[in-house]
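Chain and residue survey
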Amino acid sequence: GGFQGARMNRLTEGFNPQAIGPNSLIRMDGATLRNRARELYRNNPMAKSAIDSWVANVVETGITPSWKFPDVGRRTLFREAWERWGKRDCDVSRISSIYELQALALRETLVAGGCLIHHVELPRRGRVLPYAIELIPEERFTDQLDRNRGNGNPIQNGVEIDLKTGEPVAYWL
């Protein structure tokens, strides 16, 4: 009985993986793995093509809202506001559109394992909405694994964990 994948035979006798969880593996080798993945994306045309194809197929033209208000004038007003905001106001630096940010977030997740999406409220200063998005790659997270803050909360891989709840309470960059 048992699972085929757990059977021992001449093909599997040397295959004895360690019982380490994904969080422990990332703490041990995350930076090296991320650096290798970035190197492959930059210098290997097949890896770059695979990632770029995936991003193109998932994001395509981006996520776009579909307004369901019965009033046509109100739908038009919301659509125009979305288009104005999505062109450049959505990005903290006013460089990327909402669709470029979507592609960048997915690419960063596929290549480096993730990113932090920081929602920022800014002074209007000509913006349609005072709301923007900043993408923070994992390289900007602190590498100190087991630092302790004055409140007793541990910081692991840039994430401060509340000891009482086990939930993240802050990100250290």
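See the structure shown above.
Attention in this report is confined to the structure presented alongside it. Only a predicted model underlies this, so the values are computations on that prediction, with no experimental measurement involved. (Residues numbered from 1 in each chain as written. Predicted model: local features only at pLDDT ≥ 70, side-chain atom pairs only at ≥ 80, totals over all residues. Heavy atoms only, no water.)

Comments concerning helix α4 (residues 98-112)
With 15 residues, α4 extends 21 Å from end C-alpha to end C-alpha; this agrees with the ideal 21 Å at 1.5 Å per step. Those residues of α4 not exposed but buried are Ile98, Leu101, Gln102, Ala103, Ala105, Leu106, Glu108, Val111 and Ala112. Positioned one or two residues after α4, Gly113 has a phi angle of 100 degrees, which is positive. (Helix = DSSP H or I, 4+ residues; strand = E, 2+ residues; numbered from the N terminus. Expected span 1.5 Å × (residues − 1). Buried < 20%, exposed > 50% of the residue type's maximum accessible area, 1.4 Å probe, protein only.)

Thoughts on the packing of aromatic side chains
Summed over all chains, the structure comprises five aromatic pairs. For the ring pair Trp67 and Phe69, a centre distance of 6.4 Å and an interplane angle of 5 degrees mean the geometry is stacked. One aromatic cluster is present, built from ring pairs that chain together Trp67, Phe69 and Phe78. When the ring centre of Phe69 is taken as reference, the NZ or CZ atom of Arg74 above it lies at 4.0 Å. (Phe/Tyr/Trp six-rings, centres within 6.5 Å; stacked < 30°, edge-to-face > 60°. Lys NZ or Arg CZ within 6 Å of the ring centre and 35° of its normal.)

A look at the pairing of strand β6 (residues 168-171)
Of the strand pairs in this sheet, strand β5 (residues 159-161) and β6 are connected by three bridges, and their pairing is antiparallel. By the bridge assignment for β6, Val159 is matched with Tyr171. Counted along the chain from β5 to the antiparallel partner β6, the turn is six residues long, and its residue Gly166 has a positive phi close to 80 degrees. (Pairing = 2+ DSSP bridges.)

Remarks on the side chain of Asn153
Here Asn153 lies in the loop between β3 (147-148) and β4 (154-156). With relative accessibility at 9%, the residue Asn153 sits in the buried group. There is a polar contact of 3.0 Å between the side chain of Asn153 and the side chain of Glu160. A polar atom in the side chain of Asn153 sits 3.3 Å from the backbone nitrogen of Leu163. (Polar contact = N/O pair within 3.5 Å; in protein donor to acceptor, adjacent residues only side chain to side chain.)

What about the pattern of salt bridges?
By the definition in use, this model includes seven salt bridges. Asp52 is the salt-bridge partner of Lys48, the closest N and O atoms lying 2.9 Å from each other. In this pair, Lys48 and Asp52 both sit in helix α2 (residues 45-59), four residues apart, roughly one turn of the helix. Residues joined by salt bridges that share partners form a network here, namely Lys48, Asp52 and Arg107. (Salt bridge = Lys/Arg side-chain N within 4 Å of Asp/Glu carboxyl O.)

Digging into the environment of Gly30
Tracing the chain through its elements places Gly30 in helix α1 (residues 22-43). On a C-alpha basis, the gap between Gly30 and Gly113 in space is 9.0 Å, while along the polypeptide they are 83 residues apart.

Describing the environment of Glu138
Take Glu138: it is sitting in the loop between β2 (131-137) and β3. The spatial distance from the C-alpha of Glu138 to the C-alpha of Gly126 is 31 Å, given a sequence separation of twelve residues. Not counting the four nearest positions on each side in its chain, Glu138 is found in contact with Arg34, Glu108, Ala112, Gly113 and Gly114. (Contact = heavy atoms within 4.5 Å.)

Points about the packing of helix α3 (residues 72-89) against α4
Look at α3 against α4: their axes get within 6 Å of each other, and the N-to-C directions meet at 55 degrees. Classified by the angle their axes make, α3 and α4 are oblique. Where α3 approaches α4, its residues Trp82, Trp85, Gly86 and Arg88 are matched on the opposing element by Ile98, Tyr99 and Glu100. Here the contact of α3 with α4 is built from residues that sort into four nonpolar, one polar and two charged. (Axes fitted to C-alpha atoms, helices over the stretch in contact; angles between N-to-C directions. Parallel < 35°, antiparallel > 145°, perpendicular 65-115°, else oblique. Nonpolar A, V, L, I, M, F, W, Y, C, P; charged D, E, K, R; others polar.)

Note that every value here comes from positions in space, so none of it alone points to a role or purpose.
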